[in-house]
Amino acid sequence: MSGLRRFVLKRLLLTIPILWGVSVITFALVYLTPGDPVDLMTSLNPNISPAQEAALRERYGLNDPVYERYFDWMINALQGDFGRVYQTNRDVSDLVVERIPPTAALGLFGWAFGLIIAIPTGIYAAVKKDELADDVSRFVALFGISIPNFWLGLMLILIGALWLGWWPVLAPREPLYHPKMLWYLVLPGLTIGTASSAVLMRIMRSSMSEELNKEYVTAARAKGLPERTVILKHVLRNSLISVATVAAFLTANILAGSVVVEQVFNWPGLGRELVEAALDREVNLIMAITLFVGFVIIVMNLIADIVYAILDPRIRYD
């Protein structure tokens, strides 16, 4: 078995204890907070009698010790059953699957926006190092990294939807595959991709600057190669190693940012569903979304390491 295959297998096996740890911590945190789903139901519907309240607690296993509840949940989850939503009695797995495409579309839009802006801007800043263009790109990058997602989202709604009237204020009602949804994606996609774009821009600029100072670049220039060929054919490939690695790691930031961005734009994805589940004390839904997000982050980190090895064949995982 090659070093890379052995490394991939080890990382996949390591996923099991990591996800188990995530499930334990999440379950404990949810049950350490005061109140439960039945308390919420009775507060919303005062007509629920004490007998009905007791029956609901027995039905949902809320009278059992926490460790028994977690054990039951884990056994069911290992069999692919993540339970049902208390308030609507919907299957949790169906609801999560339904919310994945909107979040994936938003994440891909933000990720693509980050790369499209960051790579050419980072190259230009490196070529124009210590000139005005480099200073401007540094200021823009710092601004993009510093600005909070929720504030940027609100400003884009204010300018793009209320002042200019180019984007709708209300949440999208069309199905995700409808062409109109591309227009709906613009503002939340820009919001979620801005910070990633700023980080990638600085990494691209730093990596390019380092490569431009190496001897092979001096040799290529001494041979009379055009500067465009030196940069695009020789320097860019080596510079993209760092960018590709960090771009995959930034998936975690994009997923984490989707919780805020989806709430600001009322986007029907996993992030908004997680916030509503936390408010409604929907334990099964919180656990399913958290585990799914954790799994995606682990897989993306693994892909980052594999891409790193492919771009630089000198790297081995023996």
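Each remark here, short or long, concerns the structure printed above.
Right, let's walk through the structure included here. (Residues numbered from 1 in each chain as written. Predicted model: local features only at pLDDT ≥ 70, side-chain atom pairs only at ≥ 80, totals over all residues. Heavy atoms only, no water.)

A few points about unusual backbone geometry
Working step 1: With a phi close to 65 degrees, N89 is a non-glycine residue in the positive phi region.
Working step 2: Within the fold, N89 resides in the loop between α4 (66-78) and α5 (92-127).
Working step 3: Assessed through its relative accessible area of 37%, N89 is described here as partly exposed.
Working step 4: Despite not being glycine, R281 shows a phi value in the positive range, around 60 degrees.
Working step 5: Here R281 lies in the loop between α11 (270-280) and α12 (283-311). (Helix = DSSP H or I, 4+ residues; strand = E, 2+ residues; numbered from the N terminus. Buried < 20%, exposed > 50% of the residue type's maximum accessible area, 1.4 Å probe, protein only.)

Points about the nonpolar core
Working step 1: Among the nonpolar cores identified, the biggest contains 27 residues, and F27, Y60, W73, V92, V96, V283 and L285 are the most heavily contacted of them.
Working step 2: For this core, the element with the most residues is α12, which contributes eight residues.
Working step 3: In contact with V96, other than residues within four places in its own chain, are L270, L285, A288 and I289.
Working step 4: By size, the runner-up hydrophobic cluster in this structure holds 20 residues, among which are A118, M201, M204 and L212. (Core = buried A, V, L, I, M, F, W, Y, C linked by side-chain atoms within 4.5 Å. Contact = heavy atoms within 4.5 Å.)

A closer look at the side chain of S196
Working step 1: Take S196: it is sitting in helix α8 (residues 180-212).
Working step 2: The exposure class assigned to S196 is buried, which follows from its relative accessible area of 4%.

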